[in-house]
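Take a look at the letters that make up each chain.
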Amino acid sequence: MGMDGKKLEYKGEEALKEIERLTMNADEVQESLLKQILTQNRETEYLKKYMRGEKYIMDIAEFKRCVPVITYEGIFPYIQRIANGEDSSLITGHPIIEMLCSSGTSAGEPKMMPSIAEDLDRRTFVYNLIMPIINQYVPDLDEGKAMFFYFVKAEMSTPCGLPARSVLTSYYKSKHFKCRTRDPWNDFTSPDQTILCNDSNQSMYCQLLAGLVHRRQVLRIGAVFGSALLRAISFLERNWRQLCDDIHSGELSSSITDPGCRSCMSTVLSSPDPRLANEISEICSQKCWKGILCQLWPRAKYIEAVVTGSMAQYVPALEHYSEGKLPLVCTMYASSECYFGVNLKPLCDPADVAFTLLPNMGYFEFLPLGHNGTLLMDFDEEEQVPNDKLVDLVHVKLGCFYELVITTFAGLYRYRIGDVLQVVGFYKKAPQFRFICRRNVVISIDSEKTNEEDLHRSITMAKKLLEPYDALLVEYTSYPDTSSVPGHYVLYWEILEYGSKMESEAPLDPNVLQECCIAVEEQLDFVYRRCRSNDKSVGPLEICVVEPGTFDALMDLFISQGASINQYKTPRCIKSKKALKLLKSRVTASFFSPRDPQWGPKMF
């Protein structure tokens, strides 16, 4: 190990010590941080509106008594005024340098979040903890490369000229990323210019090409979300012949026109390599791609991607392509509003991922929820939460569910993130949370309300019925069809058939899909089953099987409408008419639940 390596190892030890210090003193760190926020932002119009008089501005008790708990609607008028050119001092003491667009999931339009310069330092702080944590479990990652698929999105501007972009685009375009010091633990196969290319197809092509050229050096594979990694595999399936031609000839395809990509890829493709091209071609020519990741990148030790929450849907497909040989690693919990915490046990099963919240990221409070993630108090998103109902970071209780509420330096005060979390443990004084779901993602026909977790759990049970037939559910979404009376749930399923099944090309037995319909319904909650079986206010559930590639086309549609490829998540409930039209046009077969689900009063 050279001097660089020794320095970085020291930095790694320092990072782990900092985690110990922060978690050991979580309560003091939180109190100190809130006082810093109140001091820095004491002259803001927002805080002055609620905290009158100089003596109260540093008073935490006064803050909790006077400042309301809000959703986006509560802060949006201020954000809009700043976007239109008014001063940042409306909400924060430091200049707002950009607006970060949240991913705009099925819950609605992308939201704009204020961001100040020091937010980039906080994000970089979290990124710098990841490798020291993983290094404790997976050694020698400095002896090879990481093949990560990262993408930027073309930026927009607010009326007054502030950049409006995704949090990841902001980071990749910052000096923190572009001017980072060389780090053998973070040696990416993708040249920076390919990551910074605005054309996602050209970017994907070049990143895959670089990953294939360095296939013998790749020690880890990843993307921000599991969906993006599956998209890369799908892209490879369509383009591997052209990629092999480039490697064979040592010349980049003429379809790549981006100057930055052409320039950096000339170094990657320094000379023709027919042998490497033939190796890759032989692997990619196989009919079944089960285990393809391990064959193409034989030294890879794990896959890094978000596979918690709704992304848990991608676990079976990722395990299919890695033949279950590569652990799926979720490293951190973050959003456009704030970076929250890290996973201190990166090699745990995806279902057991817990994030330790870092008390120096923002001021965290928690809104107590019922045992299944519903609110204990009788109010919805639009109603005012009583200020005294919130719990501090160090006072949450094991096993309980909460909605995360944050206060940031950039001007969010007691802001409801909308994430439902469950406390599953503590590290020193810092709680560890399992991400459950987004509170506001639901499908509903009548009085039943199905949240994202319930839908996912039901489908997870039902899709097991496909396994004996060498079939795998790779993606799904839902839609509440109210065009007929009673309305009913429609699930759009994309199914991958592999193994011996591929030879016969016979479609799946309709009875199997009907059984999947009823299996989903049997797993849904009591109110849904009552509506179906007793009230008859919900009709039989329908599964529409769509042709392969449909969910790639859906992603392309949302990206063309402004979604970020890096932050894209398949909406679990379709609201867009265009998206629904696309799905309907790709349906190859449709199946309905053959009977009513069982229901009866249960003990809760």
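Remember, it's a predicted structure, so these values are computed and weren't measured experimentally.

S.K.: How do you make sense of the nonpolar core when you look at a structure like this?
M.R.: A general feature of soluble globular proteins is that nonpolar side chains tend to end up buried together. Core analysis: the biggest nonpolar cluster contains 165 residues, and Ile 75, Trp 297, Phe 364, Phe 366 and Leu 404 have the highest contact counts within it. Here the element with the most residues in this core is helix H11 (residues 226-249); it accounts for 11 residues. If near-sequence neighbours (up to four positions away) are discounted, Trp 297 is found in contact with Met 147, Gly 211, Leu 212, Arg 215, Val 218, Ile 221 and Leu 236. Listed in part, the 29 residues of the second largest apolar core include Ile 459, Val 520, Ile 543 and Phe 591.

S.K.: Any chance you could explain the packing of aromatic side chains here in plain terms?
M.R.: The description of an aromatic ring pair rests on the distance of the ring centres and on the angle between the ring planes. The final tally for this structure, using the stated rule, is 21 aromatic pairs. For the ring pair Tyr 150 and Tyr 172, a centre distance of 5.2 Å and an interplane angle of 25 degrees mean the geometry is stacked. Of the two residues, Tyr 150 is situated in the loop between strand S3 (145-149) and strand S4 (156-157) and Tyr 172 in helix H7 (residues 167-172); the sequence distance between them amounts to 22 residues. Judged by relative accessible area, which is 13%, Tyr 150 ranks as buried. What makes Tyr 172 buried here is its relative accessible area of 3%. Grouped by ring-pair contacts, the aromatic residues Tyr 127, Phe 148, Tyr 150, Tyr 171, Tyr 172, Phe 177, Phe 188 and Tyr 339 constitute a single cluster. Positioned above the aromatic ring of Tyr 339 is the side chain of Arg 123, whose terminal nitrogen or guanidinium carbon lies 5.9 Å from the ring centre.

S.K.: How do you make sense of the packing of helix H10 (residues 200-213) against H11 when you look at a structure like this?
M.R.: Where H10 meets H11, the axes come as close as 9 Å, and the angle between the chain directions of the two elements is 65 degrees. What the angle tells us is that H10 and H11 run roughly perpendicular. Remark: the crossing between H10 and H11 carries right-handed chirality. Of the residues in H11, those in contact with Asn 201, Met 204, Tyr 205, Leu 208, Leu 209, Leu 212 and Val 213 of H10 are Arg 231, Ala 232, Phe 235, Leu 236, Gln 242, Leu 243, Asp 246 and Ile 247. Its residues assigned to classes, the contact of H10 with H11 comprises 11 nonpolar, two polar and two charged.

S.K.: Is there a simple way to think about the pairing of strand S12 (residues 363-368) in this case?
M.R.: Consecutive side chains along a regular strand alternate between the two faces of the sheet. Of all the six residues making up S12, six are buried; the element is thus mostly covered by neighbouring parts of the structure. Going residue by residue along S12, you find Tyr 363, Glu 365 and Leu 367 tucked away on one face and Phe 364, Phe 366 and Pro 368 tucked away on the opposite face as well. The pairing of S12 with strand S13 (residues 391-392) spans two bridges and is classified as antiparallel. Each bridged residue has a counterpart across the sheet, and for Phe 366 the counterpart in S13 is Val 391.

S.K.: Explain the sheet that holds S12 to me, please; I cannot follow it from the model alone.
M.R.: Paired through backbone hydrogen bonds, the strands of a sheet run either parallel or antiparallel to each other. The antiparallel open sheet is built from eight strands, whose spatial order is S9-S10-S11-S16-S15-S14-S12-S13. On the outer flanks of this sheet lie strand S9 (332-334) and S13, each paired with one strand and no other.

S.K.: Mind showing me how you'd approach the sheet that holds strand S19 (residues 471-481) here?
M.R.: Ordered by their spatial adjacency, four strands build an open sheet running S19-S20-S21-S22, and the pairing between neighbours is mixed. In this open sheet, the two strands that pair with only one neighbour each are S19 and strand S22 (587-592). Direction aside, neighbouring strands of the sheet carry axes that sit 25 degrees apart on average. Bridging between strand S21 (residues 542-546) and S22 involves five bridges; their strand directions are antiparallel. Bridge pairing in S22 links Glu 542 to Phe 592. Across the face of the sheet, helix H18 (residues 510-523) comes into contact with strand S20 (488-497), S21 and S22 while running at roughly 60 degrees to S22.

S.K.: What is the right way to read the pattern of salt bridges from this model?
M.R.: Pairs can form between side chains of opposite charge whenever their charged atoms are close. Per the counting criterion, the structure on display carries 29 salt bridges. For the salt bridge of Arg 532 with Glu 521, the shortest nitrogen-to-oxygen distance reads 2.5 Å. Linking Arg 532 in helix H19 (residues 526-535) with Glu 521 in helix H18, this pair joins segments that are 11 residues apart in sequence. Taken as a pair, Arg 532 and Glu 521 share a single burial class, namely buried.

S.K.: What's the story with the pairing of S21 in this structure? I'm lost.
M.R.: With five of five residues buried, S21 is to be regarded as a mostly interior element. Covered by surrounding structure in S21 are Glu 542, Cys 544 and Val 546 together with Ile 543 and Val 545, the residues of both alternating faces. Examined bridge by bridge, S20 and S21 share five bridges and lie parallel to one another. Pairing of Leu 491 across the sheet is with Ile 543, part of S21.

S.K.: Where do I start with the packing of helix H16 (residues 452-462) against H18 in this structure?
M.R.: Axes are the key here: two packed helices are described by the angle between their axes and the distance separating the axes. The interhelical angle for the contact between H16 and H18, taken along N-to-C directions, is 140 degrees, at an axis separation of 8 Å. The pairing of H16 with H18 is recorded here as oblique in orientation. Regarding H16 and H18, the two cross each other, and that crossing is right-handed. Mapping the contact onto sequence places Arg 457, Ser 458, Ile 459, Met 461 and Ala 462 in H16 and Cys 516, Ala 519, Val 520 and Gln 523 in H18. When its residues are assigned to classes, the contact of H16 with H18 shows six nonpolar, two polar and one charged.

S.K.: Any chance you could explain unusual backbone geometry here in plain terms?
M.R.: Excluding glycine, residues mostly have negative phi values, and the peptide bonds linking residues are mostly trans. Not every positive phi belongs to a glycine, and Asp 140 is a case in point at roughly 65 degrees. Along the polypeptide, Asp 140 turns up in the loop between helix H6 (117-135) and S3. Residue classification places Asp 140 among the partly exposed positions, given a relative accessible area of 39%. At Asp 470, a position not held by glycine, the phi torsion is positive, near 55 degrees. Locating Asp 470 in the fold gives a position in the loop between H16 and S19.

What counts and what doesn't
Residues numbered from 1 in each chain as written. Predicted model: local features only at pLDDT ≥ 70, side-chain atom pairs only at ≥ 80, totals over all residues. Heavy atoms only, no water. Core = buried A, V, L, I, M, F, W, Y, C linked by side-chain atoms within 4.5 Å. Buried < 20%, exposed > 50% of the residue type's maximum accessible area, 1.4 Å probe, protein only. Helix = DSSP H or I, 4+ residues; strand = E, 2+ residues; numbered from the N terminus. Contact = heavy atoms within 4.5 Å. Phe/Tyr/Trp six-rings, centres within 6.5 Å; stacked < 30°, edge-to-face > 60°. Lys NZ or Arg CZ within 6 Å of the ring centre and 35° of its normal. Axes fitted to C-alpha atoms, helices over the stretch in contact; angles between N-to-C directions. Parallel < 35°, antiparallel > 145°, perpendicular 65-115°, else oblique. Left-handed = near helix turned anticlockwise from the far one by under 90°. Nonpolar A, V, L, I, M, F, W, Y, C, P; charged D, E, K, R; others polar. Pairing = 2+ DSSP bridges. Salt bridge = Lys/Arg side-chain N within 4 Å of Asp/Glu carboxyl O.

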